[in-house]
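Descriptive analysis of the structure
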Amino acid sequence: MDKKTHGYILAAFSAATYGMNPLFSLPLYADGMGVDSVLFFRYLFAVPMVALMVKSRGRSFAIGKGELLPLFMVGLFFVLSSITLFRSYLFMDSGIASTILFIYPVMVALIMSIFFKEKISLQTWMCIAMALGGIGLLYKAPSGAVLSTTGILLVLGSALAYTLYIITINKTILKDVPSVKVTFYVILLGFLIFGAMVLFGDGLQTPTKWWLWLDIVAFALFPTVISMYCATKAITYVGSTATAILGALEPVTAVFFGLALFGETLTARGAAGLVLIIVSVTFVVGGGNISAPLVRMKKLFPKLKK
């Protein structure tokens, strides 16, 4: 298997495993655990896993000059993204929440244009309009009732926080820091923040069934450690653009598990909204890499002369 094929497989696996967030979090909610406790255990079990990755790859834990503040910022943004996303599951179906979250590349494009003076093409503006149209179609629940405004705002807040996480890494000294080291400190900060939240909040809630401890371990392993590791490797093989395009599997995976295991429903209207969001964001992150194949495909079917 060549590197390119290997990279595509890793990127797809990264997206699919990240889409498993609802698969492992919803059973814990059903068992009576709060969001803070669920996320505390997620980060608690993920910290030693990533620490082993750092050591196995021969990386140092030392924080270099100028790295502390950016590391704190990206950690805070990632924690905010986590807590808002997982709280949104309390107000709407996880599949819909995960789909709306996938507009973060659109937010990246807007912020880069406004604050960093990067030009946005007509194609990108059209994709932004498509994404907003997709959210509009998703804004009604299967019963016809309007989705929770609180849930929508939480997901949009999560997407914005993740957007700031990405931009901070790209525009600071962290772009030259090994990604596994950045991941370690992001997860470590998350563990400390959620530890403080359960300590000074409603207290720590633990699973009441033994098998849910296995669920927590899988929660830390698959959508956290494995997903991040596969994404990092995929970028080195096929680049960030192709990896981001395959990220469209994230909401698809979340919707699949929501439908298959948790009794969630998806109307034709919701399916159309889902498709609009995925297609629009795919064109945003793909850019010219998508436009070129479309032009070549068009040339395969020339117009007949009259």
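Details of the structure are given in the entry above.
Now for a look at the structure at hand. (Residues numbered from 1 in each chain as written. Predicted model: local features only at pLDDT ≥ 70, side-chain atom pairs only at ≥ 80, totals over all residues. Heavy atoms only, no water.)

1. So, the overall build of the protein
Let me state the cut-off plainly: In this text, helices come from DSSP runs of H or I with a minimum length of four residues, and strands from runs of E with a minimum of two, each type numbered from the N-terminal end. Categorising residues by exposure relies on relative accessible area from a 1.4 Å probe, with only protein chains included: less than 20% of the type maximum marks a residue as buried, more than 50% marks it as exposed, and the intermediate range marks it as partly exposed. Surface accessibility follows the Shrake-Rupley procedure with a 1.4 Å probe radius. Residue values consider only the protein chains on display as shielding.
Looking only at helices and strands, the protein features 13 helices and zero strands. Listed N to C, the secondary structure of the protein is α-α-α-α-α-α-α-α-α-α-α-α-α in terms of helices and strands. A buried classification covers 48% of the 306 residues belonging to the protein. With the model as given, the accessible surface of the protein reaches about 15,300 Å², and the carbon-plus-sulfur share is 70%.

2. Focus on the side chain of T183
Heads up, the rule is: As used in this structure description, the phrase polar contact means that two N or O atoms lie within 3.5 Å; if the pair is within protein, one of them must be able to donate a hydrogen and the other to accept it, and residues adjacent in sequence are counted only when both atoms belong to side chains. Any two residues whose heavy atoms approach within 4.5 Å at even a single point are treated as in contact.
Its location among the elements puts T183 in helix α9 (residues 179-200). There is a polar contact of 2.8 Å between the side chain of T183 and the backbone oxygen of S179. In contact with T183, not counting residues within four places along its chain, are V50 and M228.

3. A word on the packing of helix α5 (residues 94-101) against helix α11 (residues 249-261)
What counts here: Axes, fitted as lines to C-alpha atoms, cover a helix only where it is in contact. Angles between the N-to-C directions of the axes lie from 0 to 180 degrees. If an angle is under 35 degrees, it is roughly parallel; if it is over 145, roughly antiparallel; if it lies from 65 to 115, roughly perpendicular; otherwise it is oblique. Under this grouping Gly is polar, as are all residues other than the nonpolar Ala, Val, Leu, Ile, Met, Phe, Trp, Tyr, Cys and Pro and the charged Asp, Glu, Lys and Arg.
α11 packs onto α5 with a crossing angle of 175° between their chain directions and a minimal axis gap of 8 Å. Classed by the angle they form, the pair α5 and α11 counts as roughly antiparallel. Contacts between α5 and α11 involve S94, G95, S98 and T99 on the former and, on the latter, P251, A254 and V255. Here the contact of α5 with α11 is composed, by residue class, of three nonpolar, four polar and no charged.

4. Here's the deal with the environment of G95
Note that G95 resides in helix α5. G95 sits in the buried class, given a relative accessible area of 3%. For the pair formed by G95 and T265, sequence separation is 170 residues and the distance between their alpha carbons is 9.3 Å. Once residues lying within four places of it in the same chain are set aside, the contact partners of G95 are A254, V255 and E264.

5. Here we look at the environment of M197
Following the sequence through the fold, M197 ends up in helix α9. Note on M197: relative accessible area 28%, which makes it partly exposed. For the pair M197 and D36, spaced 161 residues apart in sequence, the C-alpha to C-alpha distance is 6.7 Å. Ignoring sequence-local partners within four residues, the contact set of M197 consists of D36, I83, R87 and D202.

6. Concerning helix α8 (residues 149-170)
Condition: A helix's residues, less one, multiplied by 1.5 Å, set its expected span.
With 22 residues, α8 should cover 32 Å at 1.5 Å per step; its first-to-last C-alpha distance of 32 Å lies within 8% of that length. Burial in α8 covers these residues: G151, I152, L154, V155, S158, A159, A161, T163, Y165, I167 and T168. At its buried positions, α8 is contacted by α4 (68-88), α5, α6 (104-116) and α9. Backbone nitrogen of T150 and a side-chain oxygen of the N-cap are separated by 3.2 Å at the start of α8; the cap is S148.

7. Examining helix α3 (residues 35-56)
The test is simple: We define the bend at each residue as the angle formed by axes fitted to the 7 residues ending at it and the 7 residues starting at it.
Taking 1.5 Å of rise per residue, 22 residues should cover 32 Å, and α3 covers 32 Å from first to last C-alpha, within 8% of that figure. For α3, the principal kink sits at V47 and spans about 25°; a proline, P48, occurs within the next four residues. Counting buried residues in α3 gives 16 out of 22 residues, a clear majority hidden from the surface. Phi for G58, located one or two positions after α3, is positive at around 70°.

8. Concerning the packing of aromatic side chains
As a reminder of what qualifies: Here the aromatic set is Phe, Tyr and Trp, taking the six-membered ring for Trp, and pairing holds for ring centres within 6.5 Å; pairs whose planes are under 30 degrees apart are stacked, those over 60 apart are edge-to-face, and all others are tilted. Any Lys NZ or Arg CZ found within 6 Å of a ring centre and within 35 degrees of that ring's normal is scored as a charge over the ring.
For the structure on display, the rule yields 13 aromatic pairs. When the ring centre of Y43 is taken as reference, the NZ or CZ atom of R42 above it lies at 5.8 Å.

9. Brief notes about the pattern of salt bridges
So the rule is basically this: Salt bridge, as used here: a side-chain nitrogen of Lys or Arg that lies within 4 Å of a carboxyl oxygen of Asp or Glu.
A full pass over the atoms with the stated rule returns three salt bridges. For the salt bridge of D36 with R87, the shortest nitrogen-to-oxygen distance reads 2.9 Å. Separated by 51 residues along the polypeptide, D36 in helix α3 and R87 in helix α4 bring together distant segments of the chain. The exposure class assigned to D36 is buried, which follows from its relative accessible area of 18%. Judged by relative accessible area, which is 29%, R87 ranks as partly exposed. E67 serves as the salt-bridge partner of K181, at 3.1 Å between the closest nitrogen and oxygen. Separated by 114 residues along the polypeptide, K181 in helix α9 and E67 in the loop between α3 and α4 bring together distant segments of the chain. Both residues of the pair, K181 and E67, belong to the buried class.

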